[in-house]
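Each chain, letter by letter, is given below.
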Amino acid sequence: MSDATTPTPDDEGVARTARLRTDVSHSARIWNYWLGGKDHYPVDEEVGDQILGFVPALPRSAVADRQFLARAVRHLAGEAGIRQFLDIGTGLPTADNTHEVAQRVAPDARIVYVDNDPLVLTHAHALLTSSREGATDYIEADVHNPETILEGAARTLDLSQPVAITMLGIINFVLDTDEAVAIVRRLLDAVPSGSYLVISHPTTEVDGDAMKSAVEYWNNQGSAPMTLRSRDDLVRLFEGVELLEPGIVSCSRWRPETPEAEIVEVTHFGGVGRKP
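A brief report on the enclosed structure follows. On a predicted model such as this, the values are computed, not experimentally measured, just so you know. (Residues numbered from 1 in each chain as written. Predicted model: local features only at pLDDT ≥ 70, side-chain atom pairs only at ≥ 80, totals over all residues. Heavy atoms only, no water.)

**Concerning the pairing of strand 8 (residues 268-274)**
Burial analysis of strand 8 places six of its seven residues in the buried class, which makes it a mostly covered element. Both strand 5 (residues 196-202) and strand 8 contribute to a ladder of seven bridges, which runs antiparallel. Each bridged residue has a counterpart across the sheet, and for Tyr-196 the counterpart in strand 8 is Arg-274. Pairing analysis gives two bridges linking strand 6 (residues 242-243) to strand 8, with the strands arranged antiparallel. Note on strand 8: the bridge partner recorded for Glu-242 is Arg-274. Looking at chain direction, strand 7 (residues 249-250) and strand 8 are connected through two bridges and run antiparallel. (Buried < 20%, exposed > 50% of the residue type's maximum accessible area, 1.4 Å probe, protein only. Helix = DSSP H or I, 4+ residues; strand = E, 2+ residues; numbered from the N terminus. Pairing = 2+ DSSP bridges.)

Dropping the structure here:
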């Protein structure tokens, strides 16, 4: 296993830049725009603003999703004692990335990031550096190809020991629910008892009609198509794992650190489960 961040070979960086599309919007860049970041292009702002015309509260969902990730990772690295994280669908670096949260609690934590967007991976190599005691690595792979993900993860993670698999806002790009369930199951089959699964997903549970209109617009832009799912659909993704309290809920309601009266339901739901 590698003990240091893997550098980006010059030819690999050139190849990624060549594949970079600045004329087609991308979900990670739109998310970055909504989070107040700078790593996006005019097309992402344009499409992002159009989507907000359907669901103005989506930036609140983006923030709640990131906060859910931080709370889940803190719990897993702390109370649950997890030292290995496989972050599939990394997104663009922002505050409290998975390795930062985990290594703040456990400096020896090892994290593998997975994404298939060249801008995401270029920024990851440049900005996401590990603690001296731990390790951080990056895989270019698609969520539809779990075998490639697992093969790459095994360079840094010991898959015979518990792993937390985090899939925030990524399994919604697998349009068929049976296929989505099979992908999650394959990933879980590769890790032992005591591993964890963390998922967040845009749903029809909050602002359902508006969300459907927003996704229909998104899918007509030429970007990677995505789908919404109901809470019952999300339950299927957690089959075979033991859900931690409070179960599958709006991301803002998963073990919140704000007073109950200040919590607002968001369109993204999330949950954390333990493999028995």
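That shown, we press on.
**Considerations on unusual backbone geometry**
Following Glu-245, the chain continues into Pro-246 via a peptide bond in cis, with omega recorded as 10°. Within the secondary structure, Pro-246 sits in the loop between strand 6 and strand 7. You will see that Asp-207, though not glycine, has its phi angle at about 50°, which is positive. Mapped onto the secondary structure, Asp-207 falls in the loop between strand 5 and helix 9 (208-219). In this model, Arg-255 sits at a positive phi of 45°, which is unusual for a non-glycine residue. With respect to the helices and strands, Arg-255 occurs in the loop between strand 7 and strand 8.

**A look at the pattern of salt bridges**
Pairing is possible between side chains that carry opposite charge, provided their charged atoms lie close to one another. Scanning the model with the defined rule gives nine salt bridges in all. Arg-29 is paired through a salt bridge with Asp-44; the nearest N and O atoms lie 2.6 Å apart. Of this pair, Arg-29 sits in helix 2 (residues 27-34) while Asp-44 sits in helix 3 (residues 42-54), and the two are 15 residues apart along the sequence. Judged by its relative accessible area of 1%, Arg-29 falls in the buried class. (Salt bridge = Lys/Arg side-chain N within 4 Å of Asp/Glu carboxyl O.)

**A few points about the nonpolar core**
With 51 residues, the main nonpolar core has Leu-86, Ile-88, Ile-165, Met-167, Ile-171 and Leu-237 as its most contacted residues. Residue contributions to this core peak at six residues, all from helix 8 (residues 177-189). If sequence neighbours within four positions are ignored, Ile-88 has contacts with Val-114, Val-143, Ile-149, Ile-165, Thr-166, Met-167, Leu-168, Ile-170 and Leu-187. Among the nonpolar cores identified, the runner-up in size contains 29 residues, and Ala-64, Phe-68, Ala-72 and Ala-77 belong to it. (Core = buried A, V, L, I, M, F, W, Y, C linked by side-chain atoms within 4.5 Å. Contact = heavy atoms within 4.5 Å.)

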